[in-house]
Amino acid sequence: MTLEQCLEDTVKNPSIVGVLCIDSQGLNLGCCGTQSDEQAGVIFVLAWQAAKLTSDPTDIPVVCLESDNRNVRVQKPNSITVAVHKTASLHPISLLQPITGT
């Protein structure tokens, strides 16, 4: 299976709308869906900076960017950085918002 096939299979999941893979230099290896190669540098730097927050090399941080409609999860488990763009599920915080109406 090629990387392109893997990316296409990943976005077949209804909750995933994009995926991006970046090499150790910050260059786009492949993307599918809403993720684009224009985002590779920003995603790479996020993962790189997050890795500096721990001194344990086996502790691999996940950067989560959340909005009302979408989530992006970024992780650098090895020399490849991966970003997965998902539609947001019901978040517990949204349950705290007041209900209006009669």
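One can find the structure itself at the top, above this paragraph.
Predicted model only: the values in this text are computed from it and were never measured.

Engineer: Quick question: what am I supposed to make of helix 2 (residues 40-51) here?
Structural biologist: The α-helix winds at 3.6 residues per turn, so residues separated by three or four positions along the chain end up facing the same way. Over its 12 residues, helix 2 extends 17 Å from the first C-alpha to the last, a length consistent with the 16 Å expected when each residue adds 1.5 Å. Its buried side turned inward, helix 2 meets strand 1 (16-22), strand 2 (28-33), strand 3 (62-66), strand 4 (70-75) and strand 5 (81-87).

Engineer: Help me understand the sheet that holds strand 1 in this model?
Structural biologist: Sheet strands pair via backbone hydrogen bonds, and the direction of the pair is either parallel or antiparallel. Read across the open sheet, the five strands follow the order 2-1-5-4-3; overall the sheet is antiparallel. Whereas interior strands pair on both sides, the edge strands pair on one side only; in this sheet they are strand 2 and strand 3. Between one strand and the next, the sheet's axes are offset by a mean angle of 10°, whatever the strand orientation. For strand 4 and strand 5, the ladder comprises six bridges, and the chain directions are antiparallel. Following the sheet pairing, V72 is matched in strand 5 by H85. Strand contacts of helix 1 (residues 3-10): strand 1 and strand 2, with the helix running at about 30° to strand 2, the strand carrying the most contacts. Across the sheet, helix 2 lies against strand 1, strand 2, strand 3, strand 4 and strand 5, angled at about 75° from strand 1, the strand it touches most.

Engineer: It is not clear to me how the environment of V82 should be interpreted in this structure. Could you clarify?
Structural biologist: Among the secondary structure elements, V82 is positioned in strand 5. Under the relative-accessibility criterion, V82 is labelled partly exposed at 25%. Once the C-alpha coordinates of V82 and C31 are considered, the two residues, 51 residues apart in sequence, prove to be 9.7 Å apart. Among all residues touching V82, those that are not within four sequence positions of it are V19, L20, C21, R73, V74 and Q75.

Engineer: How should the nonpolar core be read in this particular structure?
Structural biologist: One broad trend across soluble globular proteins is that nonpolar side chains are buried collectively. One finds L20, I22, A40, I43, F44, A47, A50, V63, V72, V74 and A83 forming the largest nonpolar core, which totals 11 residues. Among the elements of the structure, strand 1, helix 2 and strand 4 are those that each provide at least two residues to this core. In terms of residues, this core owes the most to one element, helix 2, which gives five residues.

Engineer: Which parts of the structure should I look at to understand the pattern of salt bridges?
Structural biologist: Counted according to the given criterion, the structure contains one salt bridge. In this structure, D9 engages K12 in a salt bridge whose closest nitrogen and oxygen atoms are separated by 3.4 Å.

The rules behind each value
Residues numbered from 1 in each chain as written. Predicted model: local features only at pLDDT ≥ 70, side-chain atom pairs only at ≥ 80, totals over all residues. Heavy atoms only, no water. Helix = DSSP H or I, 4+ residues; strand = E, 2+ residues; numbered from the N terminus. Expected span 1.5 Å × (residues − 1). Contact = heavy atoms within 4.5 Å. Pairing = 2+ DSSP bridges. Axes fitted to C-alpha atoms, helices over the stretch in contact; angles between N-to-C directions. Buried < 20%, exposed > 50% of the residue type's maximum accessible area, 1.4 Å probe, protein only. Core = buried A, V, L, I, M, F, W, Y, C linked by side-chain atoms within 4.5 Å. Salt bridge = Lys/Arg side-chain N within 4 Å of Asp/Glu carboxyl O.

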